[in-house]
Amino acid sequence: MPPEVPSEHVVDPTALASWTPAAKRTVTAVCSGLALYSAGWGLTIVSMANRINDIGDKAILLGLFGLAEFIPVASLVLVTGSVSDRRDRKRTVMLSQFAAVVFMLLFFINSSGSDTRLWPYYLGAIGAGTIRAFMSPSNRPMIPAAVTPAQLPRAMSFYSASWQVAFALGPLLFFTYGIAPKWSFLCGAGLVATALLATSFIPREVGRAHLAHVPTEKPTFAEAIEGLTIIRTNPILLGAIALDLAAVLFGGAIALLPRLSKNELGLDAWNQGLLRSAGGVGAVLVALALTRKPLTQNIGPILMFVVGLFGVFTVMLGLAQTLWVACLAHAGLMGADSVSVFIRSTLVPLVTPTDQQGRVSAVENVFIGASNELGAAESGVAGQFLGTRGGIVSGGLLTMVVVAIFWKFFPTLRRVNRFDDAARTSTPSQLAV
């Protein structure tokens with residue numbers, strides 16, 4: 001018999017879905033800040049990757065760039081999670097965004113002169129990873145602090161859609177890179193500065209809502225690893241995160257887009273921006289559909305299906321011979337990823353106490369970083385030995401193999417019907433606040 005789940009962690013499908021004005025303001029501020037930040041950050045990272053490709057012209061250099069971004073995310077996981085759970089989350093996000101503005105302005109200055117060295121970009125990747133390591137665990141938990149569990153799936157669909165919109169619109173500004181790389185960095189700084197302003201409108205009490213449950217004693221190692229413990233002891237949550245890690249680790253085709261678009265398809269800066277934005281457009285269309293009708297049933301099978309679809313579109317991208325086929329493939333794989341992100345983003349706060357969401361998000365951030373940045377490293381190595389197209393196609397095929405393995409050996413995840421199922425697999429001690 002499954003353990004009894006406290007009612008505050010169970011989504012009641014008949015609950016009143018109306019939002020209070022305060023909840024609307026908070027969700028709007030969080031999502032606006034995230035969208036503007038993601039647009040500026042995405043433009044900056046794309047510009048850095050293209051500079052590495054322009055200067056070094058080797059696939060493996062792009063892989064090393066992803067690895068450099070991942071290192072601080074993994075090495076700081078025990079620190080950033082505790083900071084989120086013991087400090088004002090709004091303040092942490094704003095400080096991270098301010099650091100990002102300074103970071104982008106430094107690259108504006110660097111690219112204004114003689115810009116033929118690779119080391120500033122790898123050092124910058126470490127700085128980018130450090131900023132993300134502190135911001136991510138504090139940003140998302142402010143959404144469940146503002147809405148009820150019944151409203152969480154819809155709220156998280158808006159949260160997911162906000163950064164998907166950013167990744168659709170941000171790369172369109174990549175035409176500034178064609179004028180001069182420095183202008184893309186300055187544009188990124190302006191977007192993140194605007195994000196900082198939007199974040200300032202988040203009510204102070206939302207950023208501090210979890211502090212009532214913070215222990216007075218000093219943080220311990222056992223407390224720091226509680227996020228990992230919660231994920232490890234929840235088979236559905238563990239399976240969902242591990243599936244994303246394993247699949248995207250092999251399907252990190254995005255890392256090779258600079259080489260595919262420039263070296264294989266021969267695109268100029270404007271069309272490279274179109275190809276980048278196509279992924280965001282696909283993700284936005286799916287994310288907007290989820291805001292109107294969030295998924296509520298067949299969660300497990302849908303998750304596995306869309307990850308497999310991610311692999312199919314990755315293969316299609318690697319084989320594309322024209323801009324429009326590549327755009328369609330990129331839109332498809334990012335649309336599939338959008339569904340995966342929505343499911344995972346909704347699962348985490350439903351099974352995690354408010355005062356531990358920072359530590360769980362920090363650990364999840366490492367998994368996401370591993371799937372993205374380590375996936376970029378894997379794709380860079382594969383691209384170096386198999387060629388750009390070979391590296392992308394092989395990654396997509398391996399992603400489909402991973403899904404088949406998970407379908408057979410993770411029946412608990414496969415059988416998940418509703419989000420409530422994940423909460424019911426957690427022990428009462430995990431859910432107690």
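Residues numbered from 1 in each chain as written. Predicted model: local features only at pLDDT ≥ 70, side-chain atom pairs only at ≥ 80, totals over all residues. Heavy atoms only, no water.

Another point: the overall build of the chain. Looking only at helices and strands, the chain features 20 helices and 0 strands. Of the contacts made within the chain by residues no fewer than 6 positions apart, 89% connect residues no fewer than 24 positions apart. Carbon and sulfur atoms make up 68% of the accessible area of the chain, which amounts to about 17,200 Å² in all. (Helix = DSSP H or I, 4+ residues; strand = E, 2+ residues; numbered from the N terminus. Contact = heavy atoms within 4.5 Å. Areas by Shrake-Rupley, 256 points an atom, 1.4 Å probe, with all protein chains shown as cover.)

What follows concerns helix H3 (residues 77-86). A large share of H3 lies buried, amounting to 7 of its 10 residues. Every buried residue belonging to H3 is among Val-77, Thr-80, Gly-81, Ser-82, Ser-84, Asp-85 and Arg-86, and all of these are buried. (Buried < 20%, exposed > 50% of the residue type's maximum accessible area, 1.4 Å probe, protein only.)

This part is about the packing of aromatic side chains. On inspection of all chains with the given rule, the structure shows 6 aromatic pairs. An aromatic cluster of at least three residues, connected via ring pairs, comprises Tyr-37, Trp-41, Phe-103, Phe-107, Tyr-121 and Phe-185. Between Arg-414 and the ring centre of Trp-407, over which it is positioned, the NZ or CZ distance is 5.3 Å. (Phe/Tyr/Trp six-rings, centres within 6.5 Å; stacked < 30°, edge-to-face > 60°. Lys NZ or Arg CZ within 6 Å of the ring centre and 35° of its normal.)

Even without a glycine there, the phi angle at Asn-298 is positive, about 55°. Within the secondary structure layout, Asn-298 lies in the loop between helix H14 (269-292) and helix H15 (299-319).

Attention shifts here to the pattern of salt bridges. One pass over the full model with this rule turns up 3 salt bridges. Notably, a salt bridge pairs Asp-54 with Arg-51, separated by 3.6 Å at the nearest N-O pair. Of the two residues, Asp-54 and Arg-51 are both situated in helix H1 (residues 21-56); the distance of 3 residues between them amounts to about one turn of the helix. Under the relative-accessibility criterion, Asp-54 is labelled partly exposed at 30%. Given the relative accessible area of 12%, Arg-51 is considered buried. (Salt bridge = Lys/Arg side-chain N within 4 Å of Asp/Glu carboxyl O.)

Packed helices, taken two at a time, are described by their axes: the angle between them and the distance between them. For the pair helix H4 (residues 89-112) and helix H5 (residues 119-139), interaxial distance at closest approach is 8 Å and the crossing angle is 165°. Here H5 runs roughly antiparallel to H4, going by the angle between their axes. As for how H4 packs across H5, the hand of that crossing is left-handed. Of H5, the residues touching H4 (which contributes Arg-89, Thr-92, Val-93, Ser-96, Gln-97, Ala-99, Ala-100, Phe-103, Phe-107 and Asn-110) are Pro-120, Tyr-121, Gly-124, Gly-127, Ala-128, Ile-131, Phe-134, Met-135, Ser-138 and Asn-139. By residue class, the composition of the contact of H4 with H5 is 11 nonpolar, 8 polar and 1 charged. (Axes fitted to C-alpha atoms, helices over the stretch in contact; angles between N-to-C directions. Parallel < 35°, antiparallel > 145°, perpendicular 65-115°, else oblique. Left-handed = near helix turned anticlockwise from the far one by under 90°. Nonpolar A, V, L, I, M, F, W, Y, C, P; charged D, E, K, R; others polar.)

Counting residues in each nonpolar core, the largest one holds 97 residues, and the members touching the most others are Trp-41, Ile-143, Leu-243 and Ile-343. A total of 14 residues in this core trace back to one element, the largest contributor, which is helix H16 (residues 323-350). With near-sequence residues (within four places) excluded, Ile-343 lies in contact with Leu-295, Ile-299, Ile-302, Leu-303 and Phe-419. Of all hydrophobic cores here, the second largest spans 5 residues; its members include Leu-43, Phe-174, Tyr-177 and Ala-269. (Core = buried A, V, L, I, M, F, W, Y, C linked by side-chain atoms within 4.5 Å.)

Take Thr-176: it is sitting in helix H7 (residues 175-179). Not counting residues up to four positions away in its chain, the partners in contact with Thr-176 are Trp-183 and Ser-184.

Running from amino to carboxyl end, H15 crosses H16 at an angle of 160°, the nearest separation of the two axes being 8 Å. Classified by the angle between their axes, H15 and H16 sit roughly antiparallel to one another. In this structure, H15 crosses over H16, and the sense of that crossing is left-handed. Contact residues: H15 offers Ile-299, Ile-302, Leu-303, Val-306, Val-307, Leu-309, Phe-310, Phe-313, Thr-314, Met-316 and Leu-317, while H16 offers Val-325, Ala-326, Leu-328, Ala-329, His-330, Gly-332, Leu-333, Ala-336, Asp-337, Val-339, Ser-340 and Ile-343.

Before going further, it helps to spend a moment on the confidence of the model for the chain. Regions with low pLDDT carry predicted coordinates that are not meant to be interpreted in detail. For the chain, the average pLDDT comes to 77, and 80% of its residues sit at 70 or higher. Per-residue pLDDT, averaged within each element of the chain, yields its smallest value for helix H20 (residues 428-431) (38) and its largest for helix H8 (residues 181-199) (92). Low confidence marks residues 1-17, where pLDDT is under 50. Its contacts with residues over four positions away, or in another chain, come to 29 contacts. Residue range residues 427-433 is modelled with pLDDT below 50. Its contacts to residues more than four positions away, or to other chains, number 19 contacts. (pLDDT = per-residue confidence, 0-100.)

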